[in-house]
Amino acid sequence: MMYFYLYVAVGVLMLTLLAANVSRVRIQEQIAHGDGDSKRLKSAIRAHMNSLEQMLPFALVLLVLAYLGTGESIMMVLVFGFLITRMLFAYGFMNRKFRVRQVTAGLTYLFQLLGCVLILVKL
């Protein structure tokens, strides 16, 4: 369970930083509602929301794997691999690095599928 707890702590920290970035860009661009058709704000919003969309389901996968008694080494690889992938994805999204986004999106799906397969094998 330690790796699940670590995932939650680091994941929520990352989501909080991405949300704070949205607020920072809103203040700089003086946009109170919506995206004001600002590319910077649109990127900040999508980086935050995409991370939220991917991190919540993976948290459930990790929780189930933890309850199923998955080995610590497997959990460590899943947690650190997924978190690093998501950090790189957010970087690529906010800095318009399309190739980084492509690779990290693929790795995100790979980690999620791997987690699901591990659950099915353990049932």
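Above: the structure in question.
Residues numbered from 1 in each chain as written. Predicted model: local features only at pLDDT ≥ 70, side-chain atom pairs only at ≥ 80, totals over all residues. Heavy atoms only, no water.

Judged by nonpolar contacts, the single largest core of 26 residues is most densely connected at Tyr 7, Met 55, Phe 58, Leu 62, Leu 65 and Leu 78. When residues of this core are traced back to their parent elements, those giving at least two are α1 (2–29), α2 (39–67), α3 (72–94) and α4 (98–122). Not counting residues within four places of it along the chain, the set of residues in contact with Phe 58 comprises Tyr 7, Leu 78, Phe 82, Phe 111 and Gln 112. Of all hydrophobic cores here, the second largest spans five residues; its members include Val 22, Val 25, Leu 41 and Ala 44. (Core = buried A, V, L, I, M, F, W, Y, C linked by side-chain atoms within 4.5 Å. Buried < 20%, exposed > 50% of the residue type's maximum accessible area, 1.4 Å probe, protein only. Helix = DSSP H or I, 4+ residues; strand = E, 2+ residues; numbered from the N terminus. Contact = heavy atoms within 4.5 Å.)

Take unusual backbone geometry next. Unusually for a residue other than glycine, Asp 37 sits at a positive phi of about 60 degrees. Along the chain, Asp 37 turns up in the loop between α1 and α2.

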